[in-house]
Amino acid sequence: MRKVNRSTKITALFVDVGEVLLTNGWDHHARKRAARHFKLDPAETQDRHALNFETHEEGRMTFGEYLDRVIFYEKRAFTRAQFRSFMCAQSKPYPEMLDLVVRLKHRYGLKITVVSNESREINAYRIQKFKLNEFVDSFISSCFVQLRKPDVEIFRLALDISQAAARQVVYLENTPMFIQVAEGLGIRGVLHTDYKSTCEKLAALGLRIAQ
């Protein structure tokens with residue numbers, strides 16, 4: 001891990017989406033709920049998902065192809081539209097966290113860059129539904145760039161696109177390994193577990209929200 005000068009001015013905030021700004025989009029909990037709701041075999045659904053989802057998240061498999069392989073490989077009593085609606089409905093906001101990022105952006109003039117592993121269909125829905133593009137400057141989403149965390153190249157790409165030096169970036173993320181990968185480039189990581197502790201960690205780096 002590179003040593004970082006804590007006095008360096010922060011100009012950019014990299015942020016994950018799932019379990020930071022919003023709930024996860026299509027995690028194992030959501031898939032279990034789908035299996036119950038649509039009366040699917042949960043083990044078979046999970047096995048098929050595991051074989052296909054990385055390719056889908058990297059944007060190399062369409063949403064239709066994913067559904068063909070994981071759900072609609074046999075006749076179902078429900079439609080694709082019904083299943084898509086259920087998938088999208090699993091996404092819920094964390095209003096305090098959304099507000100925090102917006103307030104930090106406005107107070108410090110930060111560039112906000114999302115660095116996330118998400119499939120194109122879910123990603124597009126979440127951006128539109130929760131108006132993420134109103135405060136996010138760039139989306140380094142796996143489905144757009146065909147890279148997934150923990151690949152260090154996704155962080156290098158985020159630095160290039162945001163035009164921020166690693167020492168000037170704080171990365172807000174809920175997965176320790178991803179924090180460690182980013183810190184290897186000199187990015188300052190904040191492991192998110194809850195709103196209060198995240199505010200405290202950001203304040204320690206000089207990013208305090210106005211009261």
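Data block above holds the structure.
Residues numbered from 1 in each chain as written. Predicted model: local features only at pLDDT ≥ 70, side-chain atom pairs only at ≥ 80, totals over all residues. Heavy atoms only, no water.

Enquirer: How should helix 5 (residues 95–108) be read in this particular structure?
Expert: Residues separated by three or four positions in an α-helix point in the same direction, a consequence of the helix having 3.6 residues per turn. A rise of 1.5 Å per residue sets the reference length of helix 5, with its 14 residues, at 20 Å; its end C-alpha atoms lie 20 Å apart and thus fit the reference within 8%. Taken together, the buried positions of helix 5 are Met97, Leu98, Leu100, Val101, Leu104 and Lys105. Down the axis of helix 5, the sector holding all buried residues measures 160°, keeping them to one side. The outward face of helix 5, more than 90 degrees from its buried face, is lined by the exposed residues Pro95 and His106. Gly109, located one to two residues past helix 5, shows a positive phi value of around 65°. (Helix = DSSP H or I, 4+ residues; strand = E, 2+ residues; numbered from the N terminus. Expected span 1.5 Å × (residues − 1). Buried < 20%, exposed > 50% of the residue type's maximum accessible area, 1.4 Å probe, protein only. Arc of directions from axis to C-beta.)

Enquirer: Looking at this structure, how should I read helix 2 (residues 42–57)?
Expert: At Leu51, helix 2 is bent by approximately 40°, the largest bend along its length. Within helix 2 the residues assigned to the buried category are Thr45, His49, Asn52, Phe53, His56 and Glu57. Against helix 1 (28–38), helix 3 (63–70) and helix 7 (142–145) lie the buried residues of helix 2. The backbone nitrogen of Ala43 lies 3.0 Å from a side-chain oxygen of the residue at the head of helix 2, namely Asp41. Following helix 2 by one or two positions, Gly59 has its phi on the positive side, about 80°. (Bend = angle between axes of the 7 residues up to and from the residue. Contact = heavy atoms within 4.5 Å. Polar contact = N/O pair within 3.5 Å; in protein donor to acceptor, adjacent residues only side chain to side chain.)

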